[in-house]
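# Structure assessment
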2 protein chains.
Amino acid sequence: MTDTPLLISGPFTGEEEERLKNACPSVRVATLDAVGGLSEAARGGIRAVAFKGHNRFGGAVMDLLPNLGVIANFGVGYDAIDVSAASERGVKVTNTPDVLNDDVADLAVGLALTFFRRMVVGADWVASGQWPTKGEMPLNRKLSGSKVGIMGLGRIGREIADRFAAFKCELHYHARSEKETPGWTFHADPVGLARAVDVLVVALVGGDQTRNYVSREVIAALGDRGVIVNISRGTTIDEGALLDALESGAIAGAALDVFLNEPNIDPRFLELENVVLQPHQGSGTVETRRAMAELQLENVRNFLEGRPLATPVN
Amino acid sequence: MTDTPLLISGPFTGEEEERLKNACPSVRVATLDAVGGLSEAARGGIRAVAFKGHNRFGGAVMDLLPNLGVIANFGVGYDAIDVSAASERGVKVTNTPDVLNDDVADLAVGLALTFFRRMVVGADWVASGQWPTKGEMPLNRKLSGSKVGIMGLGRIGREIADRFAAFKCELHYHARSEKETPGWTFHADPVGLARAVDVLVVALVGGDQTRNYVSREVIAALGDRGVIVNISRGTTIDEGALLDALESGAIAGAALDVFLNEPNIDPRFLELENVVLQPHQGSGTVETRRAMAELQLENVRNFLEGRPLATPVN
């Protein structure tokens, strides 16, 4: 057992890694697969893991770290971590909620605007030098005044709804229960939500409980004017059904920041004209990533110094 | 003198032109330069012009149409039309205000989001298939909470401000006089406005009075974190000064829908990385262009049938 209590694992940036290293004696592994390669003494010394990424963090890895007390996740979504397995072993899990809500909500609106107003097409229209010869770009679609449905009205979903409200959109939502809202319409049934709106914004938590929650039936209910925006997790949508609907024109389009098997996304997406695709950059601003790194480090420090965790999830 | 009272001039779409032709006996010219080529009888019959575009409509053309009573412009900005010359000749001018406010405001926010969140770069990151090999796209910049300055708080400027307010932005504005607002900060001096904000959104009317209103000094006051969004007219900004500031990094960037000499824009724009460029598509949605066409036609009809004009500007 060594006095290096922190294990760092995942694709941290140089700045993020420096901050963690400066705060605490640490050992770094690129991925959790390398934990088994550490000496028994090193593994025995680890009391906290600073974790980033979407690779599975299951019970088997936890068992390699007999004195592990906390897994501090970088990000609000901790679906990569087997929280049940952690709880069974007395390991606490923390995440970084709230500090990224604004950025993710901004991107949701940005995705909708970019899709409706075809801004990637517009940018290319100018950049290619073809504006003088091609004339006006094709007319596109008005966003303001649309009917917008939020699938999952948690903290991020609410931030998204507040923004669309300023665009005079009619707000609808589906959640486990009806919430206090400024007159937004609650739908107990996800298919009913899809049927009522033009734009369906998916803001569910990830994980097994919401897998394929946006089902083939929900997608079909959107109709051929319907647009799906997803800033949650690729798992929340039946991606095969989504691709089928996009290819056939059963829905008008999709604007997506998240996918199954990122970054190796289904190549069918790259053949589509009716999509706006972003490389999972929802929280990817300098300001927010710094705030997330600070909150992760606060959780690590609080644990190692015996103080209450800032943002525990179990 | 014929009984064809309507002259149609400008780049109308097929649908727009059909609607005008079906409403009223008309003659069409591609541009106003062709008016002189019409017979004297045809010219004498013209009582209304349905006009679209940005080419100059001056007194000389009006003098070729001795019975002209109204110039109905397609668009809110009528800076292409010499309104003084029209007034001197007893010719009324109408425009299409309000119906396009939402779309232009949507695009202003879309331009800001696309710039801050580098969504064109993100789209290319995925589309190029390089996400698996290049990893995460570079971190970008948070928009929510920024200080946003509206240059010109008319109807469109106010729509823009309302939307940015939902992104928790601190609102500032410059206008000829202080207005009633929900606590937004008034700046009597345009340079003072630029100094106070991160994002300067130009929502001025066009025309001679606002030419180069966003001057070299205003641009310099924005500073190297400053971003300019322009959805008004290319004329409102000292474009040479803007290009200099973009090239030198004196400001962080610009997101522009309008330019001098559209569509033949200054090629210096195409060399820049710190811009988002759109081909003057502010009102370019199916819904809004239809509403504009209907309002233009309403003005033509009202004039020809002796009713009050819906939206006169002189």
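Residues numbered from 1 in each chain as written. Chains lettered and ligands numbered in written order. Predicted model: local features only at pLDDT ≥ 70, side-chain atom pairs only at ≥ 80, totals over all residues.

## Quick notes on the overall build of chain A
- The helix and strand tally for chain A stands at 12 helices and 12 strands.
- Taken against the 2.2 N^0.38 rule, which gives 20 Å for 314 residues, the C-alpha radius of gyration of chain A at 22 Å falls within 12% of a compact globule.
- Principal axes of the C-alpha set define a box for chain A whose edges measure 70 × 50 × 30 Å.
- Looking at chain A as a whole, 51% of its 314 residues qualify as buried.
- Considering only contacts within chain A whose residues lie at least 6 apart along the sequence, 61% involve residues at least 24 apart. (Helix = DSSP H or I, 4+ residues; strand = E, 2+ residues; numbered from the N terminus. Rg over C-alpha atoms; globule rule 2.2 N^0.38 Å. Buried ≥ 20, exposed ≤ 12 C-beta atoms within 10 Å, placed from the backbone. Contact = placed C-beta atoms within 7 Å.)

## A word on the relation of the copies chain A and chain B
- For the pair chain A and chain B, the best superposition has an RMSD of 0.0 Å and corresponds to a rotation of 180 degrees with a translation of 0.0 Å parallel to the axis. This pairing of chains is accounted for by a two-fold axis.
- Of the interface residues in chain A, 98% have counterparts in chain B that sit at the interface too, so the contact is made through matching surfaces. (Least-squares fit on C-alpha atoms with pLDDT ≥ 70 in both.)

## Remarks on the packing of helix α5 (residues 101-116) of chain A against helix α8 (residues 155-166) of chain A
All names here are of chain A.
- It is the contact of α5 with α8, at a shortest axis distance of 9 Å, that shows an interaxial angle of 50 degrees. If you check the angle between α5 and α8, you find them oblique. Between α5 and α8 the crossing geometry is right-handed. The segment α5 lies against α8, with N101, D102, V104, A105, A108 and V109 engaging R155, I156, E159, I160, R163 and F164. (Axes fitted to C-alpha atoms, helices over the stretch in contact; angles between N-to-C directions. Parallel < 35°, antiparallel > 145°, perpendicular 65-115°, else oblique. Left-handed = near helix turned anticlockwise from the far one by under 90°.)

## Considerations on the interface of chain A and chain B
- With 49 residues of chain A at the contact, the number on the chain B side is 49 residues.
- Contributions of two or more residues to the side of chain A that touches chain B are made by α5, α6 (119-127), α7 (131-134), α8, β12 (275-277) and α12 (286-304) of chain A.
- Looking at which element gives the most residues to the side of chain A that touches chain B, the answer is α5(A), with eight residues.
- Residues that form the side of chain A that touches chain B fall into these classes: 24 nonpolar, 13 polar and 12 charged. (Nonpolar A, V, L, I, M, F, W, Y, C, P; charged D, E, K, R; others polar.)

## Topic: the domain arrangement of chain A
Residues and elements named next belong to chain A.
- Considered domain by domain, chain A is made up of domain 1 (6-98 + 287-304) and domain 2 (101-277).
- Once you take the C-alpha centre of each, domain 1 and domain 2 turn out to be 32 Å apart.
- Opposite the six residues of domain 1 that make contact, domain 2 presents eight residues.
- Class assignment of the residues belonging to the side of domain 1 that touches domain 2 gives a composition of one nonpolar, three polar and two charged. (Domains from an automatic or database assignment.)

## Digging into the sheet that holds strand β6 (residues 147-151) of chain B
Residue and element names in this part refer to chain B.
- Spatial strand order, β8-β7-β6-β9-β10-β11-β12: seven strands in an open sheet with parallel pairing. A strand with exactly one partner marks an edge of an open sheet, and here the two such strands are β8 (185-186) and β12 (275-277).
- The pairing of strand β7 (residues 170-174) with β8 spans two bridges and is parallel. Counterpart to Y173 in the pairing with β8 is F186.
- In the packing of helix α5 (residues 101-116) onto the sheet, the strands contacted are β9 (199-202), β10 (227-230), β11 (253-256) and β12, and the crossing angle to β11 comes to about 145 degrees. (Pairing = 2+ DSSP bridges.)

## Some details on the pairing of strand β10 (residues 227-230) of chain A
Residue and element names in this part refer to chain A.
- In β10, alternate side chains face the same way, and those of V227 and V229 on one face and I228 and N230 on the other are all buried.
- Strand direction decides the pairing type here: strand β9 (residues 199-202) and β10, joined by four bridges, are parallel. Bridged to V202 within β10 is N230.
- Read as a crossover between parallel neighbours, the route from β9 over helix α10 (residues 216-222) to β10 is right-handed.
- When β10 meets strand β11 (residues 253-256), the two strands line up parallel, connected through four bridges. (Right-handed = clockwise from strand over helix to strand, strands pointing away.)

## Here we look at the pairing of β9(B)
Residue and element names in this part refer to chain B.
- On β9, burial covers both faces: V199 and V201 on one face and L200 and V202 on the other are all buried.
- Of the strand pairs in this sheet, β6 and β9 are connected by four bridges, and their pairing is parallel. Paired with M151 across the two strands is V202, which belongs to β9.

## Comments concerning the packing of helix α1 (residues 14-23) of chain B against helix α12 (residues 286-304) of chain B
Residues and elements named next belong to chain B.
- Interhelical geometry of α1 versus α12 gives an angle of 20 degrees and a closest axis separation of 11 Å. Comparing the axis directions of α1 and α12 gives the class roughly parallel. Where α1 crosses over α12, the handedness of that crossing is right-handed. Along its contact with α1, which presents E16, R19, L20 and A23, the element α12 presents A293, L297 and R301.

## Regarding the confidence of the model for chain A
- Across chain A, pLDDT averages 96, with 100% of residues at or above 70.
- Model confidence for the complex: the whole-complex pTM is 0.94, and ipTM, which rates the interface, is 0.93. (pLDDT = per-residue confidence, 0-100.)

## Regarding unusual backbone geometry
- Cis rather than trans, the peptide bond between E262(A) and P263(A) has omega equal to -5 degrees.
- Within the element layout of this structure, P263(A) appears in the loop between β11 and β12.
- Positive phi values are uncommon outside glycine, yet N261(A) reaches one of about 55 degrees.
- Judged by local crowding, N261(A) falls into the exposed class, with 11 C-beta atoms found within 10 Å.
- Of note, the phi angle at R118(B) is positive, near 45 degrees, even though the residue is not glycine.
- Looking at the secondary structure, you find R118(B) in the loop between α5 and α6 (119-127).

## Notes on the environment of P5(A)
Residues and elements named next belong to chain A.
- Topologically, P5 is positioned in the segment before β1 (6-9).
- P5 sits in the buried class, given 20 other C-beta atoms within 10 Å.
- For the pair P5 and P25, spaced 20 residues apart in the sequence, the C-alpha separation amounts to 6.5 Å.
- When residues no more than four places from it in sequence are discounted, the contact partners of P5 are C24, P25, G45, I46, R47, A48 and L304.

## Some remarks on the environment of R225(A)
Residue and element names in this part refer to chain A.
- Relative to the helices and strands, R225 resides in the loop between α10 and β10.
- For R225, a count of 14 C-beta atoms within 10 Å puts it in the partly exposed group.
- C-alpha of R225 to C-alpha of G253: the two residues are 28 residues apart in sequence and 8.2 Å apart in space.
- In contact with R225, other than residues within four places in its own chain, are D198 and A252.

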